[in-house]
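Results of the structural survey
What follows is the residue order along each chain.
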Amino acid sequence: MNEKILIVDDDVNICELLRLYLTKEGFTPIIVNDGIAAVESVSATNPSLILLDIMLPKLDGWQVCRKIRQTSDVPIIMLSAKGETFDKILGLELGADDYIVKPFETKEVVARIKAVLRRTAAPAAETPKEVNYDNLSISITNYEMKVRGVHVDAPPKELELLFHLASNPNRVFTRDQLLDEVWGFDYYGDSRTVDVHIKRLREKLEGVSDKWELRTVWSVGYKFETR
């Protein structure tokens, strides 16, 4: 494994605890204790992932996240004693990949690190950029959906959801799987958001083809079924 994990926290006890667990799991931990050192360390050490506390001296975690995102897409998991939904959403909107509230179980942090690394590790070349079916074309490169050759407007998340389902025909996804794999983080809201997006897609695709359909698998989730 040997991936480098940059730990940014001014609490030396938390840093040492994380260092022990991450080393045991085969990671290489790098520890810094303030925001300026964090920004400098990203370019100096090229970490695989950053554990970033919010309450830091010199620069806070929000500022650090903004600065890192100007030059790097390295995965970031924010750590904070602030558990309000607003703070979680702010962290994610600034570019964080996940958000963990203190106090936390160290095993959970390790599990979240592995999950984020899995999610961000697949080379882009392995992912198809366009899928085509009877009377339907979906391009994730230019975010375009065509029905019977005609461009149909769809919000980005609708298009991403349809693309994900259509890229895995006949595979059933639960709502939680779709939230994780399409939205790309632990969604802080009602999982029924998937139902709303599916409903809107069905309205756009009604009667388009008898060779495929967006199907509900009762008590499980949804799939893009081909015939």
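A brief look at the structure comes next. (Residues numbered from 1 in each chain as written. Predicted model: local features only at pLDDT ≥ 70, side-chain atom pairs only at ≥ 80, totals over all residues. Heavy atoms only, no water.)

So, about helix H2 (residues 35-45). For H2, the set of buried residues is Gly35, Ala38, Ser41, Val42 and Thr45. End-on, the buried residues of H2 take up no more than an arc of 110°, which puts them together on one face. Structural note: H2 exposes Glu40, Ser43 and Ala44 on the side pointing more than 90 degrees away from its buried face. Residues of H2 that are buried sit in contact with strand E1 (4-8), strand E2 (28-32), strand E3 (49-53) and helix H3 (61-71). One side-chain oxygen of the residue at the start of H2 lies 3.1 Å from the amide nitrogen of Ile36, identifying that residue as Asp34. In the segment just after H2, Asn46 is the residue with positive phi, at about 50°. (Buried < 20%, exposed > 50% of the residue type's maximum accessible area, 1.4 Å probe, protein only. Helix = DSSP H or I, 4+ residues; strand = E, 2+ residues; numbered from the N terminus. Arc of directions from axis to C-beta. Contact = heavy atoms within 4.5 Å. Polar contact = N/O pair within 3.5 Å; in protein donor to acceptor, adjacent residues only side chain to side chain.)

A few words now on the pattern of salt bridges. Note that side chains of opposite charge can pair when their charged atoms are close. Evaluated as defined, the whole model comprises 17 salt bridges. Linking Lys146 and Glu144 is a salt bridge whose minimum nitrogen-to-oxygen distance equals 3.9 Å. Several salt bridges converge on common partners, so that one network encompasses Asp9, Asp53 and Lys102. (Salt bridge = Lys/Arg side-chain N within 4 Å of Asp/Glu carboxyl O.)

It is the contact of helix H7 (residues 175-183) with helix H8 (residues 193-205), at a shortest axis distance of 9 Å, that shows an interaxial angle of 80°. Taken together, the axis directions place H7 and H8 in an arrangement best described as roughly perpendicular. Contacts between H7 and H8 involve Arg175, Leu178, Leu179 and Trp183 from the former and Thr193, Val194, Asp195 and His197 from the latter. Classifying every residue of the contact of H7 with H8 gives four nonpolar, two polar and two charged. (Axes fitted to C-alpha atoms, helices over the stretch in contact; angles between N-to-C directions. Parallel < 35°, antiparallel > 145°, perpendicular 65-115°, else oblique. Nonpolar A, V, L, I, M, F, W, Y, C, P; charged D, E, K, R; others polar.)

As a further point, take the nonpolar core. Core analysis: the biggest nonpolar cluster contains 26 residues, and Leu136, Ile138, Leu162, Leu165, Leu178, Leu205 and Phe224 have the highest contact counts within it. Counting residues per element, the ones that place at least two in this core are strand E7 (136-139), strand E8 (144-147), helix H6 (156-166), H7, H8, strand E11 (212-217) and strand E12 (221-226). Apart from the residues within four sequence positions on either side, Leu178 is in contact with Leu161, His164, Leu165, Phe173, Trp183, Val194 and Tyr222. Core analysis: the next-biggest nonpolar cluster, separate from the first, contains 21 residues, Ile54, Val64, Cys65 and Ile76 among them. (Core = buried A, V, L, I, M, F, W, Y, C linked by side-chain atoms within 4.5 Å.)

Another point: the environment of Met78. Within the secondary structure, Met78 is located in strand E4 (residues 76-80). As for Met78 and Lys146, which are separated by 68 residues in sequence, their C-alpha atoms are 38 Å apart. Dropping the residues within four chain positions of it, Met78 is found in contact with Leu52, Ile54, Gly61, Trp62, Cys65, Gly91, Ala96, Asp98, Tyr99 and Ile100.

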